[in-house]
Amino acid sequence: MIDNGVVVNAEMSEHVLLIPQLCGHLNHLAKKDGFFIGGVVRIPAMSRREISDRAQVVLKALIERHIKDGQPVGSKTLLEESQLPISAATVRNVMSDLEDRGYLISPHTSAGRVPTSAGYRLFVDSLLQMRPVDDKSVIALREVLNPDKSPHELVQTASGILSSITSQAGVVTMPKQQASQLRQVEFLPLSGDRVLVILVTNEREVQNRIIHTSRAYNEEELRQAAQLLNQRFSGRPLDEAKARILVEMEADRASIDQYMQATLDLASKAFEEDEQEQDYLVAGEAQLLGSATPEELEKLQGLFQAFQRKSDLLHLLERCTRAQGIQIFIGEEAGYEVLGGYSVVTAPYSDGGQPIGVLGVIGPQRMAYHKVIPIVDITARMLSAALSK
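What counts, and where the lines are drawn
Throughout, residues of each chain are indexed from 1 in the direction in which the sequence is written. Local features are withheld for residues below a pLDDT of 70 in this predicted model, meaning they are given only at 70 or higher, and side-chain atom pairs are given and counted only at 80 or more; totals for whole chains, interfaces and linings count all residues. In computing side-chain properties, one takes all heavy atoms of the structure into account and sets aside hydrogens as well as water. For salt bridges, the criterion is a side-chain nitrogen of Lys or Arg within 4 Å of an Asp or Glu carboxyl oxygen. A run of H or I in DSSP becomes a helix once it reaches four residues, and a run of E becomes a strand once it reaches two; helices and strands are each numbered from the N terminus. The classification of residues rests on relative accessible area computed with a 1.4 Å probe and restricted to protein chains. Under 20% of the type maximum is buried, over 50% is exposed, and intermediate values are partly exposed. Here, any two strands with at least 2 DSSP bridges between them count as paired. Fitted lines through C-alpha atoms serve as axes, helices being fitted only where they are in contact, and the angles separating the N-to-C directions of these axes extend from 0 to 180 degrees. The contact criterion used is simple: two residues touch if any of their non-hydrogen atoms lie within 4.5 Å. Pairing of aromatic side chains requires ring centres within 6.5 Å, counting the rings of Phe and Tyr and the six-membered ring of Trp. Pairs whose planes differ by under 30 degrees are stacked, by over 60 edge-to-face, and all others tilted. For our purposes a nonpolar core is just a set of buried Ala, Val, Leu, Ile, Met, Phe, Trp, Tyr and Cys residues, chained together by side-chain atoms within 4.5 Å.

With that out of the way, let us pick up the pattern of salt bridges. Here the structure, examined in full by the defined rule, presents 10 salt bridges. As a salt-bridge pair, E99 and R113 come within 2.7 Å of each other at their nearest N and O atoms. Taken together, the positions of E99 in helix α4 (residues 88–100) and R113 in the loop between β5 (104–105) and β6 (114–115) put the pair 14 residues apart, joining distant regions of the chain. One salt bridge in this structure joins R223 and E220, with 2.6 Å as the shortest N-O distance. Residue R223 and its partner E220 are both found in helix α8 (residues 219–233); the two are separated by three residues, about one turn of the helix. On the basis of relative accessible area, R223 is assigned to the partly exposed category, the value being 43%. Each member of the salt-bridge network shares a partner with another, and the members are R121, D125 and E333.

Sheets are built from strands paired through backbone hydrogen bonds, the pairs being either parallel or antiparallel. Taken together, the three strands give an open sheet; going across it, the order is β8-β9-β10, and neighbouring strands pair in antiparallel fashion. Pairing within the sheet leaves two strands with one partner each, and these edge strands are β8 (182–189) and β10 (205–212). Along the sheet, successive strands turn relative to each other by an average axial angle of 20°, direction set aside. Across the face of the sheet, α8 comes into contact with β8 and β9 (194–201) while running at roughly 170° to β8.

Burial analysis of strand β12 (residues 326–330) places five of its five residues in the buried class, the great majority of the element. On β12, burial covers both faces: I326, I328 and I330 on one face and Q327 and F329 on the other are all buried. As paired strands, β12 and strand β13 (residues 342–351) are joined by four bridges and run antiparallel to one another. In the sheet register, I328 faces β13, and the bridge partner there is V345.

Next up on the list: the environment of S159. Counting through the fold element by element, S159 comes out in helix α7 (residues 151–166). Judged by relative accessible area, S159 falls into the buried class, the value being 3%. For the pair S159 and V282, spaced 123 residues apart in sequence, the C-alpha to C-alpha distance is 6.3 Å. Ignoring anything within four residues of it in the chain, the contact list for S159 reads G170, V171, V172, L281 and A283.

Mapped onto the elements, T166 comes out in helix α7. When neighbours within four sequence positions are excluded, T166 is seen to be in contact with V361, V372 and I375.

For the coordinates displayed, the defined rule picks out two aromatic pairs. Pairing Y120 with Y369 gives two aromatic rings, centres 6.0 Å apart and planes at 50°, and the pair type is tilted. With Y120 in helix α5 (residues 117–127) and Y369 in helix α14 (residues 369–388), the pair connects residues that are 249 residues apart, well separated along the chain. Classification of Y120 as buried rests on a relative accessible area of 0%. Ring centres 6.0 Å apart and planes at 35° place the aromatic pair F304 and F307 in the tilted group.

The next subject is the nonpolar core. Counting residues in hydrophobic clusters, the biggest one holds 58 residues, and the most contacted among them are L59, L98, F123, L359 and Y369. Considering each element in turn, this core owes the most residues, 11 residues, to α14. Contacts of F123, omitting those with residues within four sequence positions, involve K60, I63, E64, I67, L128 and Y369. Counting residues in each nonpolar core, the second largest holds 22 residues, with V195, L238, L266 and F271 among its members.

Structure representation (structure tokens):
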């Protein structure tokens, strides 16, 4: 239903805020790039009617200044930024009122003020002005998210390009694993007892790995072994092929000829499970270090530890995977103490319309939301389009 211009999702007890600037810009991109991009941002609604028009202008100017350098903002600087035809005393009164309402805080007795999480939330909900994604960024995304790449390559590069464009930490969850079907296996001899295995699964997943065998094999032996495996297992689930091979290897070796034994030995090594894949990838931690204020540097150690520990961040990202549209968590909204002072902007990505993961950006609350939000959205859409081709 619609309540005061905000679409309310009764099932999830949260609001979906439609940002007009974002909708218009992303629809423009949809026409340019040939796929639909929505402008739905799922965030708790906070009405700017709670404060006066003058207070809105002051808060907007203060936050935009704080985003630039992360320093407390005084009334004199704010008056210059806002260009309001009012006195510095009036600005101080407005700032004091905003502080009383919980939108600003004074970090030191003699310093200016900085926005709180509530201040940034009101800014994002009601005062933010989106800017178009520049052509350079769109071109970079299109080059990196090339449909000719394998799904694994596409997902792996997503966090890096997000970090590069936004100057924040980029994060992407690895796709939910589907049952892999064996399409084809090839063996190529290398030096000594090493063999290159080319394993094709599903439609176009290609894995190259080097295995060490008990003896050296010539090219003809490897060709015959691959031919036999493809005849017996092509089109079958990879797990089934592995299980069958193990059963046959446990059979009476005396009843298995040398040719079959060599094939089974090769297959058992070729189909071995890789080390457990990461649940998610983070890129660009150095970006956070480079732009951090001294106060932010103290908190970064805890954030980096959370990246290593994984559990909290993974739980948050899994929640985002199940949601629709862009998710924005500011500070303590994420529900984890370690993310206090940071914001998380995410969007789910899909394959053939089926959500399989989420990507996003993690950075200080004073991140450039006008740039980050459209970039996260278009990256998720372009990754989904590439995966679906």
